[in-house]
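Given next are the chains, with one letter for each unit.
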Amino acid sequence: MQFQPETIYHIYNRGNRQQTIFFNRDNYIYFLEKVRKYMLPCSDILCWCLMPNHFHFLVNTTEASCTMVEKQNLPVQRLTESIRLLLSSYTKGIQKQQQFKGNLFQQKTKAKPVSGTERSYAFIAFNYIHQNPYNAGLVKKIEDWEFSSFRDYIGMRKGNLCNQQLAALLLDLDTNISNFYKASYMVIPDADVKGILG
């Protein structure tokens, strides 16, 4: 992954061979603790969603994201290394819990730039990420899924993982909760989904 500063990226990965990566509620919480430890200090998280076998983040990079750090005498960007540490440390915990060896995640985490595009792919990605559990049939309403930032945006929870003010500015979000809620259910055409997944 090669990041540019002040750019919005859709970052996502899934379980190796689409296997489950979150086996219970504590696993989701543990993963979010790792996100807070590794990703938050070097990026602005705009939204997120954890699904049973994959995850999505919409992040805005900063200068700190692109700072080079040493990894085995090779320079690598700080956000890239932070994602690696997040996934490897989480994997170790799950390997111990589930008593298995091998890869938990697919080898390459995707980071698709979605800002500065002709269409508002950043806004589309924001809604796509929140709609994931709803579109997968896991819940009847988006807010029923505990493991996404949607509840924070509609005032159901006081989560502070996301920089909501920056998201509102960069994505031109309607801060009226009723209007925001309606916009969150917008139908996303397949062509737009391809644009944010690359």
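Going by the structure above, here's the rest.
Residues numbered from 1 in each chain as written. Predicted model: local features only at pLDDT ≥ 70, side-chain atom pairs only at ≥ 80, totals over all residues. Heavy atoms only, no water.

## Some words on the overall build of the protein chain
Move 1: The number of helices and strands found in the protein chain is 8 helices and 6 strands.
Move 2: Each helix (α) and strand (β) of the protein chain, taken in turn from the N terminus, gives the series β-α-β-β-α-β-β-α-β-α-α-α-α-α.
Move 3: Here the protein chain has a C-alpha radius of gyration of 16 Å; the compact-globule value for 198 residues is 16 Å, and the two agree.
Move 4: Principal axes of the C-alpha set define a box for the protein chain whose edges measure 50 × 35 × 35 Å.
Move 5: When each of the 198 residues of the protein chain is scored for burial, the buried share is 48%.
Move 6: Counted over contacts in the protein chain with a minimum sequence separation of 6, partners at least 24 positions apart contribute 70%.
Move 7: Charge separation in the protein chain, taken as the distance between the mean sites of 23 positive and 16 negative side-chain charges, equals 10 Å. (Helix = DSSP H or I, 4+ residues; strand = E, 2+ residues; numbered from the N terminus. Rg over C-alpha atoms; globule rule 2.2 N^0.38 Å. Buried < 20%, exposed > 50% of the residue type's maximum accessible area, 1.4 Å probe, protein only. Contact = heavy atoms within 4.5 Å. Lys, Arg positive; Asp, Glu negative; His and termini not counted. Charge placed at Lys NZ, Arg CZ, Asp CG, Glu CD.)

## Observations concerning the pattern of salt bridges
Move 1: Per the counting criterion, the structure on display carries 4 salt bridges.
Move 2: Two residues, Glu143 and Lys141, come together in a salt bridge whose shortest N-O distance is 4.0 Å.
Move 3: Residue classification places Glu143 among the buried residues on the basis of a relative accessible area of 9%.
Move 4: According to the relative accessible area criterion, Lys141 is partly exposed, its value standing at 40%. (Salt bridge = Lys/Arg side-chain N within 4 Å of Asp/Glu carboxyl O.)

## Looking at the packing of aromatic side chains
Move 1: For the structure on display, the rule yields 20 aromatic pairs.
Move 2: Centroid distance Tyr134 to Tyr185: 5.2 Å. Interplanar angle 85 degrees. Geometry classified as edge-to-face. Of this pair, Tyr134 sits in helix α4 (residues 121-135) while Tyr185 sits in the loop between α7 (177-184) and α8 (190-197), and the two are 51 residues apart along the sequence.
Move 3: Residue class for Tyr134 comes out partly exposed when judged on its relative accessible area of 33%.
Move 4: Tyr185 sits in the partly exposed class, given a relative accessible area of 24%.
Move 5: Pairwise contacts between aromatic rings join Phe22, Tyr28, Tyr30, Phe31, Phe55, Phe57, Tyr90, Phe105, Trp145 and Phe147 into one cluster. (Phe/Tyr/Trp six-rings, centres within 6.5 Å; stacked < 30°, edge-to-face > 60°.)

## Digging into the sheet that holds strand β2 (residues 43-51)
Move 1: Reading across from one edge, β2-β3-β1-β6 is the order of the 4 strands in this open sheet, with antiparallel pairing throughout. This sheet does not close on itself; its edge strands, each paired only once, are β2 and β6 (110-113). Shown here is a sheet whose adjacent strand axes are inclined to one another by a mean of 20 degrees, direction ignored.
Move 2: With 8 bridges joining them, β2 and strand β3 (residues 54-61) adopt antiparallel strand pairing. When the sheet's bridge partners are listed, Ile45 is paired in β3 with Val59.
Move 3: Packing against the sheet, α4 makes contact with β1 (8-14), β2 and β3, and its axis sits at approximately 30 degrees to β2.
Move 4: In the packing of α8 onto the sheet, the strands contacted are β1 and β6, and the crossing angle to β1 comes to about 90 degrees. (Pairing = 2+ DSSP bridges. Axes fitted to C-alpha atoms, helices over the stretch in contact; angles between N-to-C directions.)

## As for the environment of Gln97
Move 1: Within the fold, Gln97 resides in helix α3 (residues 78-98).
Move 2: If we skip the residues at most four places from it in the chain, Gln97 touches Phe23, Asn24 and Asn27.
Move 3: Here the side chain of Gln97 touches Asn27 through a polar contact of 2.8 Å, side chain to side chain. (Polar contact = N/O pair within 3.5 Å; in protein donor to acceptor, adjacent residues only side chain to side chain.)

## Comments concerning helix α6 (residues 164-171)
Move 1: Taken residue by residue, α6 has Leu166, Ala167, Ala168 and Leu171 as its buried positions.
Move 2: Residues of α6 that are buried in the fold lie against β1, β2, β3, α4 and α5 (150-153).
Move 3: Backbone geometry just downstream of α6 places Asp172 in the positive-phi region, at approximately 55 degrees.

## Some details on the nonpolar core
Move 1: Membership of the largest hydrophobic core comes to 59 residues, with the highest contact counts inside it found for Phe31, Trp48, Leu50, Phe57 and Leu58.
Move 2: Here Leu50 is in contact with Phe22, Tyr28, Phe31, Leu32, Phe55, Phe57, Trp145 and Phe147, once residues within four sequence places are set aside. (Core = buried A, V, L, I, M, F, W, Y, C linked by side-chain atoms within 4.5 Å.)

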